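Notes for the structure review
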Amino acid sequence: CRPGFFKASPHSQSCSKCPPHSYTNEEASTSCVCEKDYFRRESDPPTMACTRPPSAPRNAISNVNETSVFLEWIPPADTGGRKDVSYYIACKKCISHAGVCEECGGQVRYLPRQIGLKNTSVMMVDLLAHTNYTFEIEAVNGVSSLSPGIRQYVSVNVTTNQAAPSPVTIVKKGKIAKNSISLSWQEPDRPNGIILEYEIKYFEKDQETSYTIIKSKETTITAEGLKPASVYVFQIRARTAAGYGVFSRRFEFETTPVFAASSDESQIPIIAVSVTVGVILLAVVIGFLLSGSCCECGCGRASSLCAVAHPSLIWRCGYSKAKQDPEEEKMHFHNGHIKLPGVRTYIDPHTYEDPNQAVHEFAKEIEASCITIERVIGAGEFGEVCSGRLKLPGKRELPVAIKTLKVGYTEKQRRDFLGEASIMGQFDHPNIIHLEGVVTKSKPVMIVTEYMENGSLDTFLKKNDGQFTVIQLVGMLRGIAAGMKYLSDMGYVHRDLAARNILINSNLVCKVSDFGLSRVLEDDPEAAYTTRGGKIPIRWTAPEAIAFRKFTSASDVWSYGIVMWEVVSYGERPYWEMTNQDVIKAVEEGYRLPSPMDCPAALYQLMLDCWQKDRNSRPKFEEIVNMLDKLIRNPSSLKTLVNASSRVSNLLSDHGPLGSGAYRSVGEWLEAIKMGRYTELFMENGYSSMDAVAQVTLEDLRRLGVTLVGHQKKIMNSLQEMKVQLINGMVPL
Ligand code: 37W
């Protein structure tokens, strides 16, 4: 072959031109030499072009989630002429104030891997909290190792956030007796802060729904009141200022049998006495049962007779009573560690180590092919809300609503999104939105519920202002109260009860909706940050919940009172345009929302009862349901309305006139509320100043000839609002 051509084998027919980026200056070449900065791997055939290392990856972006970092980039502009491009991640940990960086070491995990990444994304987990990291994403190909040149990488600097502690991994058993187990454990590998306390969850093996939680500042505990010869499962998690870490894996320990030889001689007389007492009691009970009596046991009122009849029951009841303040129990351990026949309690999905397990425990998996999405009806925090149809095999087709999780979600977003289904799936009540199931095995991830044709209650009422009878309104309120009674019986505290979170169907049945973990408040535009950092929908929230986060069913009752007010005033905004700060102050000073227009006195009284400062004085949901039932059965009881004149004038006597308010003249005020047509009428009838206007009652308006109800409402509401703002408060209780 002449120069510029080669023949790889003497058997080849003809000479070939040197492939791209190679040359030969000699005759009779069997191969061509690569140009400068181009290479050929041993495995590359001589007919293949010479290639070079790729350029750097481009447009790297990072996403930090606590102590995990997600990196994404696009492939290099120049692949070097090869198809075998892969990526390598170098990690450096930097101490910001010292400016010193070091290799990250083996602590960091790379998902799916650190070297030979084929995709253009990677996730690093188990990083340190509050630490600066530099990640270099290097593109490499089959000839990178042959090139002595500089590495081609793009670097990304990130700072990790605060993170919850890593799980406790080492747990050791201590003294084990027939009724108790002592444990000790080591602090987690990565506490990520100062450990404030540990939470120890334990339950009898295979009885997971009935568990106990104890808290400890030490790294040892003794669980007492256990059954002899039984296996108990323990899980421990640590809490720092950043919150709880995940639970440790399960550790199982077994109590000793009743008659196990004990080294402690002093126990023998106790056992002997217990056995004797037990035998006597058993005899008494058998006699009692034979005499035809029976007993019903509830946790709070288990008598000793019941105790013997249901030994397992008294064991649990006794334990829970001895260990916990009942209110604490509901606040923190919703899912009551006591399981009584016929009493179902709510289980906080957070108590599941694996959130996927929680969702599948409480929600049915639906195949995406059973769902037909018809149209978008709204937007949620995580994606769109759609209407559609669900056809399950062997069942009738149903109209449904579908929430979808938008693509590109993080693991936390998926967990929070499905958290709503894990909660909703535990409820079964005609006034709680019914979960049909979830789609998690295909994308998009979806939550499917019954379809509530009229959407959210506040919007629905605003659209249909003045269109319902009092009985219809009370019917809606009755439904909401019944749903709330059910939730409080389950030990679930809603925390965001408001008309916007109630759905209403075509039969005007109201159902409580919007369940979530922290998310509920995160996506509520009404929720504002308090000085303590919590996000709270101020206007709907009881003072003790705002002040010190005491969220209980009693604080839900306060919110229910606000919902009553919203319903009777057809979706009016509670406290109108007052600022959150003013609302907090006014409520603290004892002022309350005034009665809505045309409100039955019995309903307003119920609202005021719900807004009692002392939470124990507020009615229980059960009492509210009973009260509303009574009113519905006896509609004439709803005829007495809150006295129209007292409704406004009770604000005035102590708190001065409106003269110093926002409007300088009656004309200016009426124009502002688009009621300018009545200016003359007002002036002619002696209402020529704002001070005089302040005295106007509904009867006065009617007498003056303002006959349109809509106009009466507009004028009276505006007056009301001005007065409320003026006194920076509301009706003094
Ligand atoms: C709406 C899990 C869950 C919770 C609530 C819904 C839901 C909304 C957020 S809104 N229904 C409507 O808005 C009806 C609108 C009618 C219309 O615009 O024509 C629902 C619902 N369940 O019906 C949905 C899910 C999945």
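Data block above holds the structure.
About the criteria used
- Residues numbered from 1 in each chain as written.
- Predicted model: local features only at pLDDT ≥ 70, side-chain atom pairs only at ≥ 80, totals over all residues.
- Heavy atoms only, no water.
- Near = heavy atom within 4 Å.
- Polar contact = N/O pair within 3.5 Å; in protein donor to acceptor, adjacent residues only side chain to side chain.
- Areas by Shrake-Rupley, 256 points an atom, 1.4 Å probe, with all protein chains shown as cover.
- Helix = DSSP H or I, 4+ residues; strand = E, 2+ residues; numbered from the N terminus.
- Pairing = 2+ DSSP bridges.
- Axes fitted to C-alpha atoms, helices over the stretch in contact; angles between N-to-C directions.
- Buried < 20%, exposed > 50% of the residue type's maximum accessible area, 1.4 Å probe, protein only.
- Arc of directions from axis to C-beta.
- Salt bridge = Lys/Arg side-chain N within 4 Å of Asp/Glu carboxyl O.
- Parallel < 35°, antiparallel > 145°, perpendicular 65-115°, else oblique.
- Left-handed = near helix turned anticlockwise from the far one by under 90°.
- Contact = heavy atoms within 4.5 Å.
- Nonpolar A, V, L, I, M, F, W, Y, C, P; charged D, E, K, R; others polar.

Around the ligand there are 18 residues in total, and R375, T449, E450, Y451 and M452 lie nearest to it. One of the side-chain N or O atoms of R375 is found 2.5 Å from an oxygen atom in the ligand. Contact between the ligand and E450: a nitrogen atom at 3.1 Å from a main-chain N or O atom of the residue. The fraction of the free accessible surface of the ligand (590 Å²) that becomes covered by protein chains is 80%. Put simply, the parts of the chain that give the shell around the ligand at least two residues each are β21 (371-379), β23 (398-404), α6 (411-424) and β25 (446-450).

A word on the sheet that holds strand β9 (residues 109-111). Sheet strands associate in pairs through backbone hydrogen bonding, adopting either a parallel or an antiparallel arrangement. Overall, antiparallel pairing links the four strands, which are arranged β5-β6-β10-β9 in an open sheet. On the outer flanks of this sheet lie β5 (58-65) and β9, each paired with one strand and no other. Here the strands of the sheet are splayed against their neighbours by 20 degrees on average, with no regard to which way each runs.

All buried positions along helix α5 (residues 355-362) are accounted for by A358, V359 and F362. Relative to the axis of α5, the buried residues are bounded by an arc of 95 degrees and lie together on one face.

Right, let's get into the pattern of salt bridges. One pass over the structure, following the stated rule, counts 29 salt bridges. D37 is the salt-bridge partner of K36, the closest N and O atoms lying 3.7 Å from each other. The class of K36 is exposed, set by a relative accessible area of 70%. Through salt bridges with shared partners, one network takes in E197, E199, K215, R237 and R239.

Turning next to the packing of helix α8 (residues 470-489) against helix α11 (residues 553-568). At a minimum axis distance of 11 Å, the contact between α8 and α11 shows a crossing angle of 165 degrees. It follows from the interaxial angle that α8 and α11 lie roughly antiparallel. Every pair of crossing elements has a handedness; the one defined by α8 and α11 is right-handed. Here L473, L477, R478, I480, A481, M484 and S488 of α8 come into contact with α11, specifically with S553, D556, Y560, V563, M564, V567 and V568. Tallied by class, the residues present in the contact of α8 with α11 amount to 10 nonpolar, two polar and two charged.

Moving on, we get to the pairing of strand β16 (residues 211-216). Counting buried positions along β16 yields five of six residues, so the element is predominantly enclosed. Sheet topology note: the strand β15 (residues 197-204)/β16 ladder contains six bridges and is antiparallel. What sits directly across from Y198, in β16, is S216. What sits between the antiparallel neighbours β15 and β16 is a turn of six residues, in which D206 has the positive phi angle 70 degrees.

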